[in-house]
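Notes for the structure review
As a plain string of letters, each chain reads:
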Amino acid sequence: MKKKVVVIGGGIGGMGVATTLAGRGFDVTVVNKDHYYVTGPSRPLLLTGEQRLERMTRGYEEMGKQGIKVITGNVYKVDPANRKVYVAETYMGSTREFTYDYLVVAPGVVYDGSKINGYDKFWWNVTNVYDLGRLSVLKEKLWSLNSGNVVVYAPKAPYRCAPAPTETAMLIHTILVNRGVRDKFNITFIDANDKTQPPFIADIVSKTFEQAKIQLVTNQEIAEIGEKEVVTRSGERHKFDLLAMLEPNRAPSFISEAGLGENFADVRSPQDLRNPKYDDILAVGDAAKLPFPKNQEIAFESSLFAANKIMEMEGLSEKISVQYAFVGWAYLGNLEGKLDTLSLQFSLDLTSSPPKPGKDPQPKREYTTQKDNWEQAYLARLFGYKV
Ligand SMILES: Cc1cc2nc3c(=O)[nH]c(=O)nc-3n(C[C@H](O)[C@H](O)[C@H](O)COP(=O)(O)OP(=O)(O)OC[C@H]3O[C@@H](n4cnc5c(N)ncnc54)[C@H](O)[C@@H]3O)c2cc1C
């Protein structure tokens, strides 16, 4: 009988495992919260109108045709001792239980502001490019406000997509210049880290911030949020009319409740993604506790390492070729306010010790196109069609 693999999360990591194992004799079921997936990397360009939601959204139907079962529902509990996964509100019933031979945990991250004082009262001040609803609010404000203080915030690493907060600041600058109101705004970028992330492009980002007159504040973690200001752990106060803030990231709480890890899901090593306590539970992508940045390439590469491990445990001799390394692109907006975003290209080779960074210090328009091609290629590979 085919071995049953249940994958929690039909995103980059989850679909990486599912598409790899489904063609190799496994019975694969993916459980995903929604009927669709919306890719992350180009979300910031929704602000400027350079990207459209329909190009970023994919359904699971094509992969269903290829034999992967996809169940829409919210996993709220895992019981490792009895190999059970509990799912709420599926369209096949209000709750369901699944048993598995292998469980792959790939639900990505949640954004958790609960440790910030005042968050429970003033959460509605938070906008960002991570969540589509908040992005929509941010966009509406950027295109309608005529003056004020804008605060953009990056929490302590690790968080999902290192450059997205600085991308947000530069795209905010671009839109305000485009509207001819930039001189009526102050933009402050507060970073909880000692440098903007990823650190190996921090020099170029800070130079671009200087040109854009964005004030950069590092080493300041936001500890409190009020109606009109944030306060950092060391007592700095920053007033805002518009706040674009990412909360600290962690894996969804069913992972810690099942004893699979605290903030993120524990793994034995980046190459052996099994939980230290359970041979049959593996974690991939942003939810996994990996010593690497949390991004799409790492999520996909970890999914191939996980698939390899499952195949090895089943005695299959095939091994997918994979290593940890990535190319990334950071949007730098457009200093002159044209809605024609330039990007930096950078890379990190994690196979060498210490990891070897690379970058082209010159922002280019063609890098924005490259990022789009790269994102579309992933979507075609994992969801089976192009838009
Ligand atoms: C704004 C933004 C910009 C980004 N920019 C870049 C970039 O430029 N380059 C780059 O490489 N990466 C970028 N990323 C990061 C990249 O998108 C993630 O690292 C990658 O998607 C992680 O893959 P994952 O499988 O771990 O999580 P995801 O792709 O997020 O997939 C997780 C899936 O699990 C589902 N899920 C969550 N909880 C449950 C549950 N309890 N039950 C069922 N389903 C659940 C979710 O709905 C989702 O479909 C960006 C992300 C964002 C949001």
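Calculation notes
- Residues numbered from 1 in each chain as written.
- Predicted model: local features only at pLDDT ≥ 70, side-chain atom pairs only at ≥ 80, totals over all residues.
- Pairing = 2+ DSSP bridges.
- Helix = DSSP H or I, 4+ residues; strand = E, 2+ residues; numbered from the N terminus.
- Axes fitted to C-alpha atoms, helices over the stretch in contact; angles between N-to-C directions.
- Contact = placed C-beta atoms within 7 Å.
- Domains from an automatic or database assignment.
- Nonpolar A, V, L, I, M, F, W, Y, C, P; charged D, E, K, R; others polar.
- Buried ≥ 20, exposed ≤ 12 C-beta atoms within 10 Å, placed from the backbone.
- Near = placed C-beta within 6 Å.

Quick look at the sheet that holds strand E11 (residues 126-127) now. A sheet is described by the order of its strands in space; here 5 strands give the open sequence E11-E18-E12-E13-E14, paired in parallel fashion. Every interior strand has two partners, whereas the edge strands, E11 and strand E14 (214-217), have only one. For strand E12 (residues 148-154) and strand E18 (residues 242-245), the ladder comprises 4 bridges, and the chain directions are parallel. Within E18, the residue paired with Val150 across the bridge is Leu242.

On to the sheet that holds strand E5 (residues 69-72). Spatial ordering of the open sheet is given by E5-E2-E1-E9-E20, a layout of 5 strands whose pairing is parallel. In this open sheet, the two edge strands, each paired with only one partner strand, are E5 and strand E20 (281-283). Averaged over all pairs of adjacent strands, the angle between strand axes in this sheet comes to 20°, irrespective of strand direction. Of the strand pairs in this sheet, strand E1 (residues 4-8) and strand E9 (residues 102-105) are connected by 4 bridges, and their pairing is parallel. Counted as the bridge partner of Val6 is Leu103 from E9. Relative to the sheet, helix H1 (residues 12-22) contacts E1, strand E2 (27-32) and E9, its axis offset from that of E2 by approximately 160°.

Assigned domains within the chain: domain 1 (4-33 + 73-109 + 251-313) and domain 2 (111-249 + 325-383). One C-alpha centre belongs to domain 1, the other to domain 2; they are set 29 Å apart. The interface of domain 1 with domain 2 comprises 13 residues on the first partner and 13 residues on the second. For the side of domain 1 that touches domain 2, the secondary structure elements donating two or more residues are H1 and helix H10 (296-313). Broken down by element, the side of domain 1 that touches domain 2 gets its largest block of residues, 4 residues, from H1. For the side of domain 1 that touches domain 2, the class distribution of residues is 6 nonpolar, 4 polar and 3 charged.

Within H1, 11 of the 11 residues are buried, which leaves it mostly tucked inside the rest of the structure. Of all the positions in H1, only Ile12, Gly13, Gly14, Met15, Gly16, Val17, Ala18, Thr19, Thr20, Leu21 and Ala22 are classed as buried. Tucked inside the fold, the buried residues of H1 contact E1, E2, helix H4 (61-65), E9, H10 and helix H11 (365-383).

Moving on, we get to the site of the ligand. Within the structure, the ligand sits among 35 residues, and Gly9, Gly11, Gly40, Gly108 and Gly285 are positioned closest to it. Counting only elements with at least two residues in the shell around the ligand, the list comes to H1, E2, strand E6 (74-79) and H10. Of the residues belonging to the shell around the ligand, the class tally is 15 nonpolar, 13 polar and 7 charged. Formed jointly, the shell around the ligand draws a minimum of three residues from each of two domains, domain 1 (4-33 + 73-109 + 251-313) and domain 2 (111-249 + 325-383).

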